[in-house]
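# Chain and residue survey
Here are the chains, one letter per residue:
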Amino acid sequence: MARKEYSFYPGCSSERKASASNYMVSVESMCKTLDIKLNEIPDWNCCGASIGYAEGGELPRHVMNARNIALSEKNFGNQDIVATCAACWLGAKESQERINHSETIFADINVILKDAGLKYEGKQKIRHMVEVLIEDLGYEELGKPVKKPLDGIKIAGYVGCQTNRPFGVDGESFESPKYLDKLVETVGGTPLEKYEEKVTCCGGALAFSEPEKSQAQIKKIIESAYDHGADMIVTPCPVCQMNVEVYQGQINKKYGTKFNIPVTYYSQLMAVAYGASAKEAGLDGNIVRATKLEEIAAKK
Amino acid sequence: MTDLNKVMVEKYRNDFLKEVEANVEEGNWVKMCMQCGVCSGSCPLGPHWEHPPQEIFMMIRAGKRDEVLRSESMWMCTSCYNCIVRCPRELPITHIMHGLANYAHRLGIAPKLNPTRRFAKMFWNNITAGGRVNELKLSVGLYFMDGFASGIKKGLEMLPVGLGMLKTGRLNPFGLFSGGHCKGAGDIRKMIKKAKEIEDKRKGFAA
Ligand code: SF4
Ligand code: SF4
Ligand code: SF4
Ligand code: SF4
């Protein structure tokens with residue numbers, strides 16, 4: 001038996017050949033080392049994300065999440081639900097709160113789910129992977145399997161919005177959360193504690209619909225990382241990762257900047273520090289190659 | 001759709017606050033706002049909001065129905081939740097902004113060309129078709145939103161990004177034909193249809 005088991009909601013972006021598939025690869029490697037077992041919710045569907053409201057409205061959005069929660073209850077009812085994507089986590093958790101809070105919505109949801117042979121109770125806790133690592137294992141445990149500390153790598157911890165607000169990680173502040181920095185330290189890297197744009201919003205889904213406005217945000221986030229001498233940026237969220245990484249070329253064209261900074265996931269740092277190969281850590285999925293991590297991963 | 005707008009105007013006459021309370025997600029919170037302005041200073045795309053949240057709350061109370069519902073402002077919300085964690089009265093501001101946008105869209109009076117409105121619609125259709133996001137179809141749809149010529153241009157601008165994703169295995173080149181499906185897709189479509197019906201009935205939207 002694994003040390004910890006969770007009912008797992010991967011989310012669309014983590015699917016094979018989707019934008020955060022390499023996040024998933026590194027999470028698998030990290031969890032293997034930590035002896036955490038993730039039980040994927042069978043036939044899960046998209047959570048509707050933060051942009052779903054406009055066309056979806058309330059009840060249809062809650063139904064999307066309730067179906068996942070009900071499937072989780074049916075299959076892994078005694079485990080907490082864990083999500084790796086901040087938007088998924090938030091969407092599911094918000095729907096759960098709303099459904100549990102209102103007898104009418106609760107009843108409506110169950111009427112709707114019944115046709116598909118499902119039942120919603122809403123008793124499982126819904127948590128973000130980072131939350132689980134910190135609260136259920138703790139920094140000390142997370143530090144134990146480190147074989148190759150990330151010596152000398154300077155890392156800007158970009159927490160973003162939705163991993164941090166409105167729920168966040170217990171005991172952390174909304175304006176200046178420290179957990180990413182602490183994770184970086186745990187794996188032997190150098191956190192840039194003075195990095196100012198830790199919780200600046202990257203524009204989220206509006207990176208697609210309002211690219212210029214969002215790219216102005218992203219530019220601030222990257223510039224500040226360079227100002228503090230960062231070798232790379234680390235994030236806990238697949239949307240943040242993608243937004244901060246893939247538009248660097250367009251920003252360079254528009255503003256004449258020379259951005260070319262790797263944007264990694266916390267799980268990639270951990271996987272490499274735990275001795276994973278570049279492939280196992282999903283480093284082949286980074287568009288801006290994280291060469292310093294690749295070098296460490298290649299070391300025997 | 002605009003017929004629905006007429007129905008609502010008739011139904012609520014001059015009481016826009018009451019209309020918002022009844023029909024907008026978390027709308028019953030609006031009256032709790034004490035106009036401190038903290039939220040308005042929190043929006044990442046602040047300069048692009050013609051009416052920031054605090055002002056919108058004031059306008060709702062002042063009965064400025066058209067100015068609020070036809071505004072582009074709520075569509076600038078990035079769901080960053082800055083406002084929610086800062087508001088001294090704990091208003092769920094993010095959700096009220098989403099709720100207003102959704103309501104205006106439902107009534108058919110939201111700004112037609114607003115890119116976020118159009119993207120959100122495409123996104124929802126994309127996920128409800130198969131149950132999961134099909135990223136390629138979604139992006140292609142997004143580029144061609146303004147027509148063919150501009151779609152080609154945008155597609156070319158995004159080509160380096162797309163190629164990067166493709167090379168690193170983060171984009172499914174066959175996504176136009178497959179991908180983004182779960183087994184229960186049929187069930188999901190039925191559930192959503194039913195949820196819409198129930199919601200419409202509760203809110204008096206149904207004919
Ligand atoms: S938040 Fe994004 S990735 Fe996560 S399930 Fe929803 S749409 Fe898919
Ligand atoms: S920083 Fe951007 S992507 Fe990350 S949660 Fe916030 S809005 Fe979403
Ligand atoms: S922060 Fe809260 S109380 Fe202050 S103006 Fe905004 S909504 Fe009103
Ligand atoms: S969640 Fe929306 S309304 Fe609130 S601060 Fe962010 S952008 Fe503004």
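Residues numbered from 1 in each chain as written. Chains lettered and ligands numbered in written order. Predicted model: local features only at pLDDT ≥ 70, side-chain atom pairs only at ≥ 80, totals over all residues. Heavy atoms only, no water.

In this assembly, 60 residues from chain B lie in contact with 64 residues from chain A. Of the roughly 5700 Å² buried where chain B meets chain A, counting both sides, 62% is carbon and sulfur surface. A:Asp108 is paired through a salt bridge with B:Arg202; the nearest N and O atoms lie 2.6 Å apart. Seen at the junction of chain B and chain A, the total is 23 residue pairs in polar contact (both at pLDDT 80 or more). (Contact = heavy atoms within 4.5 Å. Buried area = accessible area lost by both parts, 1.4 Å probe. Salt bridge = Lys/Arg side-chain N within 4 Å of Asp/Glu carboxyl O. Polar contact = N/O pair within 3.5 Å; in protein donor to acceptor, adjacent residues only side chain to side chain.)

Here the focus is the sheet that holds strand E2 (residues 36-40) of chain A. All names here are of chain A. With parallel pairing, four strands are arranged side by side in an open sheet as E2-E1-E3-E4. Two strands lie at the open edges of the sheet, namely E2 and strand E4 (126-128), each paired on one side alone. For this sheet, the mean angle separating the axes of adjacent strands, direction not counted, is 40°. Pairing of strand E1 (residues 4-9) with E2 involves five bridges; the strand directions are parallel. Paired with Ser7 across the strands is Asn39, a residue of E2. (Pairing = 2+ DSSP bridges. Helix = DSSP H or I, 4+ residues; strand = E, 2+ residues; numbered from the N terminus. Axes fitted to C-alpha atoms, helices over the stretch in contact; angles between N-to-C directions.)

Residues and elements named next belong to chain B. Taken together, 13 residues sit near ligand 4, with Cys43, Cys77, Cys80, Tyr81 and Cys83 positioned nearest. Broken down by secondary-structure element, the contributors of at least two residues to the shell around ligand 4 are helix H5 (82-86) and helix H6 (93-107). Looking at the shell around ligand 4 residue by residue, the classes come out as eight nonpolar, five polar and no charged. (Near = heavy atom within 4 Å. Nonpolar A, V, L, I, M, F, W, Y, C, P; charged D, E, K, R; others polar.)

On to unusual backbone geometry. Cis peptide bonds are those with omega within 30 degrees of zero, and the linkage from A:Arg165 to A:Pro166 qualifies with 0°. In this structure, A:Pro166 sits in the loop between strand E5 (154-157) and helix H8 (179-186). In this structure, B:Glu26 is a non-glycine residue whose phi angle is positive, near 60°. At B:Ser79, a residue that is not glycine, the phi angle is positive and equals roughly 60°. Residue placement: B:Ser79 occurs in the loop between helix H4 (65-69) and H5.

The next thing to look at is the site of ligand 2. The full set of residues close to ligand 2 is A:Tyr158, A:Gly160, A:Cys161, A:Gln162, A:Cys201, A:Cys202, A:Gly204, A:Cys237, A:Val239 and A:Cys240. Tallied by class, residues from the shell around ligand 2 come to seven nonpolar, three polar and no charged.

With 46 residues, the main nonpolar core has A:Met30, A:Leu133, A:Leu150, A:Tyr266 and A:Met270 as its most contacted residues. Those elements that place two or more of their residues in this core are E1, helix H1 (21-34), helix H6 (129-137), H8, strand E7 (232-235), helix H13 (266-273) and helix H14 (291-298) of chain A. Residue assignment places this core across two domains, with domain 1 (4-129) and domain 2 (146-298) of chain A each supplying three or more. Once residues lying within four places of it in the same chain are set aside, the contact partners of A:Met270 are A:Met30, A:Leu34, A:Leu133, A:Leu142, A:Leu183 and A:Val187. Judged by nonpolar contacts, the second largest core, of 44 residues, contains B:Met8, B:Cys43, B:Cys77 and B:Ala120. (Core = buried A, V, L, I, M, F, W, Y, C linked by side-chain atoms within 4.5 Å. Buried < 20%, exposed > 50% of the residue type's maximum accessible area, 1.4 Å probe, protein only. Domains from an automatic or database assignment.)

Once that is clear, we can look at the pairing of E1(A). Here E1(A) pairs with strand E3 (residues 81-83) of chain A via three bridges, running parallel. Pairing of A:Phe8 across the sheet is with A:Val82, part of E3(A).

Moving on, we get to H1(A). All names here are of chain A. Between the first and last C-alpha of H1 there are 20 Å, a value that for 14 residues agrees with the 20 Å anticipated at 1.5 Å per step. When you tally the buried positions in H1, you get ten out of 14 residues, the bulk of the element. Following H1 by one or two positions, Asp35 has its phi on the positive side, about 60°. (Expected span 1.5 Å × (residues − 1).)

All names here are of chain A. Read from one edge to the other, the open sheet built from four strands follows the order E6-E5-E7-E8, with strand pairing classed as parallel. With one partner strand each, in any of the chains shown, strand E6 (190-191) and strand E8 (263-265) form the two edges of the open sheet. Direction of pairing for E5 relative to E7: parallel, over a ladder of three bridges. Within the sheet, the bridge partner assigned to Gly157 lies in E7 and is Val234.

So, on to the packing of aromatic side chains. As enumerated under the stated definition, the model contains eight aromatic pairs over all chains in all. Seen in terms of ring centroids, A:Tyr9 and A:Trp44 are 5.5 Å apart; in terms of plane orientation they differ by 85°. Their pairing is edge-to-face. Of this pair, A:Tyr9 sits in strand E1 while A:Trp44 sits in the loop between E2 and helix H2 (53-56), and the two are 35 residues apart along the sequence. Here A:Tyr9 matches A:Trp44 in class, with each residue buried. With a centroid separation of 5.2 Å and 25° between ring planes, the pair formed by A:Phe208 and B:Phe119 is classed as stacked. Note that A:Phe208 is positioned in helix H9 (residues 206-209) and B:Phe119 in helix H7 (residues 115-130), a pairing that runs across two chains. One aromatic cluster is present, formed by A:Tyr23, A:Tyr265 and A:Tyr266 through successive ring pairs. Against the face of A:Phe167 rests A:Lys93, its NZ or CZ located 4.7 Å from the ring centre. (Phe/Tyr/Trp six-rings, centres within 6.5 Å; stacked < 30°, edge-to-face > 60°. Lys NZ or Arg CZ within 6 Å of the ring centre and 35° of its normal.)

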